[in-house]
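# Fold and contact review
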Amino acid sequence: MRFGIIGAGPIGSIISKKLVKNGHDVKIADARGIKRLEGKELAGTAVLAENAIKDIAVLIISLPIKALPSIRNIIDQVGEEVIIVDTSNYYPFRDGKIEEIENGMVESVWVSNQLGRPLIKAFNNLLAYTLEHEGKSGDSSERLAMAVAGDNQSQKQVVMDIVSDLGFDAVDSGSLSDSWRHQPGTPAYCTELTKNDLTEALKKANKDNAPLLRDKVMERFAELFAQKREFSHKDIVNINREIYNS
């Protein structure tokens, strides 16, 4: 399958590496220009963002949510048949406050409005370390799961198959409007759950509490940084589990 990826940060780069390893054709771009990719160890072919969208079946966008409106002109050129995947998460301290999201709009619905295209939401509820190191074969009873949301069932199934190909069980989390159930601050977000547990976590999500819990986690990490305390990947997962399930 032919993929384009816009965004060469941790998530985009890891997805690219795993797709290439599995035999897929991948073009990867930085929205700020190809020079940003110089010196980076990347799988796939480094291209301009304008070229990442050509002759592909799936476009994966892995950018900070605040940067997404800046690529609208590129997305306008993407073929209607191309599946577009949004991996973003909203963090006000990084992205600045986005009024519509602050007032309750689902993050990926806002992104879809900004880009003027239907989206599939995926790859947002696993940490980069998890995505890179914790994938397992399909027959593993300890396989971790990833939530996938979208309004087009056939496109969503394609993405769910890709998720499985990369080593994770895919859980259909509903429509794009339902994707708030795996936004930051929910029990499904970066807590490393198996398929059954993720399915239950999605049901437990509380839309009103999620922003408060998201910020509470960030405050905990800020305290640890201020104290210069070291913490591991597993510590991050455990903090998320503790607070997002409170």
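Conventions adopted
- Residues numbered from 1 in each chain as written.
- Predicted model: local features only at pLDDT ≥ 70, side-chain atom pairs only at ≥ 80, totals over all residues.
- Heavy atoms only, no water.
- Core = buried A, V, L, I, M, F, W, Y, C linked by side-chain atoms within 4.5 Å.
- Buried < 20%, exposed > 50% of the residue type's maximum accessible area, 1.4 Å probe, protein only.
- Helix = DSSP H or I, 4+ residues; strand = E, 2+ residues; numbered from the N terminus.
- Contact = heavy atoms within 4.5 Å.
- Axes fitted to C-alpha atoms, helices over the stretch in contact; angles between N-to-C directions.
- Parallel < 35°, antiparallel > 145°, perpendicular 65-115°, else oblique.
- Left-handed = near helix turned anticlockwise from the far one by under 90°.
- Nonpolar A, V, L, I, M, F, W, Y, C, P; charged D, E, K, R; others polar.
- Expected span 1.5 Å × (residues − 1).
- Arc of directions from axis to C-beta.
- Pairing = 2+ DSSP bridges.

Bringing the nonpolar core into the picture now. Grouped burial of nonpolar side chains is what soluble globular proteins tend to show. L59, I61, I65 and I75 are the most contacted members of the largest nonpolar core, which has 30 residues in total. If you list the elements that add at least two residues to this core, you get α2 (49–52), β4 (58–61), α3 (72–75) and α6 (107–115). Take this core: its biggest share by element is 4 residues, from α6. Excluding its chain neighbours within four sequence positions, the residues that come into contact with I61 are I6, L68, I71, I75, I84, V85, D86, T87 and L115. In this structure, F3, V58, V159 and I162 belong to the second largest nonpolar core, which totals 29 residues.

For the pair helix α10 (residues 210–226) and helix α11 (residues 233–244), interaxial distance at closest approach is 10 Å and the crossing angle is 140°. Here α11 runs oblique to α10, going by the angle between their axes. Classified by chirality, the crossing of α11 by α10 is right-handed. Residues L213, R214, K216, V217, R220, F221 and L224 of α10 form the contact with α11, whose participating residues are I236, I239, N240, E242, I243 and Y244. Residue composition of the contact of α10 with α11, by class: 8 nonpolar, 1 polar and 4 charged.

This brings us to the environment of E142. For E142, the location among the structural elements is in the loop between α7 (128–133) and β7 (145–150). E142 sits in the exposed class, given a relative accessible area of 54%. Taking the C-alpha atoms as reference points, E142 and I14, separated by 128 residues in sequence, lie 21 Å from one another. Once residues lying within four places of it in the same chain are set aside, the contact partners of E142 are K136 and T194.

If you check helix α8 (residues 153–165), its first and last C-alpha atoms are 18 Å apart, about what 13 residues at 1.5 Å a residue would give, namely 18 Å. Within α8 the residues assigned to the buried category are Q155, K156, V159, M160, I162 and V163. Axial view of α8: buried residues confined to an arc of 155°, hence all on one face. Where α8 ends, the next residue or the one after it, G167, has phi of about 110°, a positive value.

Turning our eyes to something else, we now look at the sheet that holds strand β5 (residues 83–86). The 8 strands lie next to each other as β3-β2-β1-β4-β5-β6-β7-β8, forming an open sheet whose pairing is mixed. Both edges of this open sheet fall to β3 (45–46) and β8 (169–172), since each of them pairs with a single strand only. By the bridge criterion, 4 bridges tie β7 to β8 in an arrangement that is parallel. The partner of A147 across the bridge, within β8, is V171. Taken strand by strand, helix α1 (residues 10–21) contacts β1 (2–6), β2 (25–29) and β4, and its axis lies near 160° from that of β2.

So yeah, pure geometry; function would need other evidence.
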